[in-house]
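Overview (structure and organization)
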Amino acid sequence: MISQPLASAAAGFVVGSQSRHGRSVLAGTAQGVQVDLPWSTAAAVFGPETADLADRAVGLPDVSGGAELVDRLPEAAEPDRVRLVARWLRALLGQDIDAPDAGRMT
């Protein structure tokens with residue numbers, strides 16, 4: 001049984017591949033956006049740091065561009081949150097974030 005969460009991050013977190021189940025412990029209420037990436041996509045997004053994320057969680061502000069995302073997500077309407085996260089991921093991939101489908105998740 002896991003007695004401690006992987007990370008304590010009030011502003012969100014990024015979790016790498018896990019060799020065991022994980023859990024989130026919340027005090028109060030929370031809203032979130034969860035994105036599950038295939039390993040190859042995660043490697044393209046996070047580069048060499050992907051291996052460092054295995055069995056770990058990192059606070060979202062500590063990830064490239066994450067601090068800005070943390071500032072913008074709480075103010076965004078629910079449907080816009082997915083678009084913000086999609087644009088952030090596309091920026092990390094070096095893709096055109098202003099492309100017509102930049103906020104569309106398939």
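A brief report on the enclosed structure follows. Everything quoted here is computed from the prediction, not taken from an experiment. (Residues numbered from 1 in each chain as written. Predicted model: local features only at pLDDT ≥ 70, side-chain atom pairs only at ≥ 80, totals over all residues. Heavy atoms only, no water.)

**Describing the overall build of the protein chain**
When helices and strands are counted, the protein chain shows four helices and two strands. Across the protein chain, helices and strands are ordered from the amino to the carboxyl terminus as β-α-α-β-α-α. Residue burial in the protein chain is summarised as follows: out of 106 residues, 25% are buried. Nonlocal contacts in the protein chain, meaning residues at least 24 apart in sequence, comprise 50% of its contacts between residues at least 6 apart. Surface exposure of the protein chain reaches about 7400 Å², of which carbon and sulfur atoms provide 51%. (Helix = DSSP H or I, 4+ residues; strand = E, 2+ residues; numbered from the N terminus. Buried < 20%, exposed > 50% of the residue type's maximum accessible area, 1.4 Å probe, protein only. Contact = heavy atoms within 4.5 Å. Areas by Shrake-Rupley, 256 points an atom, 1.4 Å probe, with all protein chains shown as cover.)

**Points about the pattern of salt bridges**
Per the stated rule, a full pass over the model turns up two salt bridges. As a salt-bridge pair, Glu68 and Arg72 come within 3.8 Å of each other at their nearest N and O atoms. Here Arg72 and Glu68 lie together in helix α3 (residues 66-72), a separation of four residues that amounts to about one turn. A residue is classified by how much of its surface remains accessible, and Arg72, at 42% relative accessible area, is partly exposed. A salt bridge links Asp80 to Arg83; the nearest nitrogen and oxygen atoms lie 3.3 Å apart. You can see Asp80 and its partner Arg83 sitting in helix α4 (residues 78-92), three residues apart, about one turn around the helix. The class for Asp80 is partly exposed, based on a relative accessible area of 34%. (Salt bridge = Lys/Arg side-chain N within 4 Å of Asp/Glu carboxyl O.)

**Notes on the nonpolar core**
As a rule of thumb, nonpolar side chains are buried together in soluble globular proteins. Counting residues in each nonpolar core, the largest one holds 15 residues, and the members touching the most others are Val14, Phe46, Leu60, Val63, Leu69 and Trp88. When contributions to this core are tallied by element, the ones reaching two or more residues are α1 (39-46), α3 and α4. Of all the elements, α4 adds the most residues to this core, at four residues. (Core = buried A, V, L, I, M, F, W, Y, C linked by side-chain atoms within 4.5 Å.)

**Brief notes about a nonpolar patch on the surface**
There is a patch of nonpolar side chains on the surface, built from Val33, Val35, Leu37 and Val82 and spanning about 230 Å² of accessible area. Mapped onto the elements of the fold, Val33 is located in the loop between β1 (13-15) and α1. (Patch = residues over 30% accessible without salt bridge, like charges linked within 9 Å, V, L, I, M, F, W, Y side chains within 5 Å.)

**Notes on α1**
For α1, the complete set of buried residues consists of Ala42, Val45 and Phe46. Within α1, the buried residues cover an arc of 75° as seen down the axis, which keeps them to one side. Residues of α1 that are buried make contact with β1, α2 (49-52) and α4. (Arc of directions from axis to C-beta.)

**Some words on α4**
Working note: α-helix, 3.6 residues per turn, so residues spaced by three or four point in the same direction. Taking 1.5 Å per residue, 15 residues should reach 21 Å; α4 reaches 22 Å between its end C-alpha atoms and fits that length. Turning to α4, its buried residues are Arg81, Leu84, Val85, Ala86, Trp88, Leu89 and Arg90. In this structure, the buried side of α4 is in contact with β1, α1 and α3. In the segment just after α4, Gly94 is the residue with positive phi, at about 80°. (Expected span 1.5 Å × (residues − 1).)

By themselves, these are just geometric observations and shouldn't be taken as functional.
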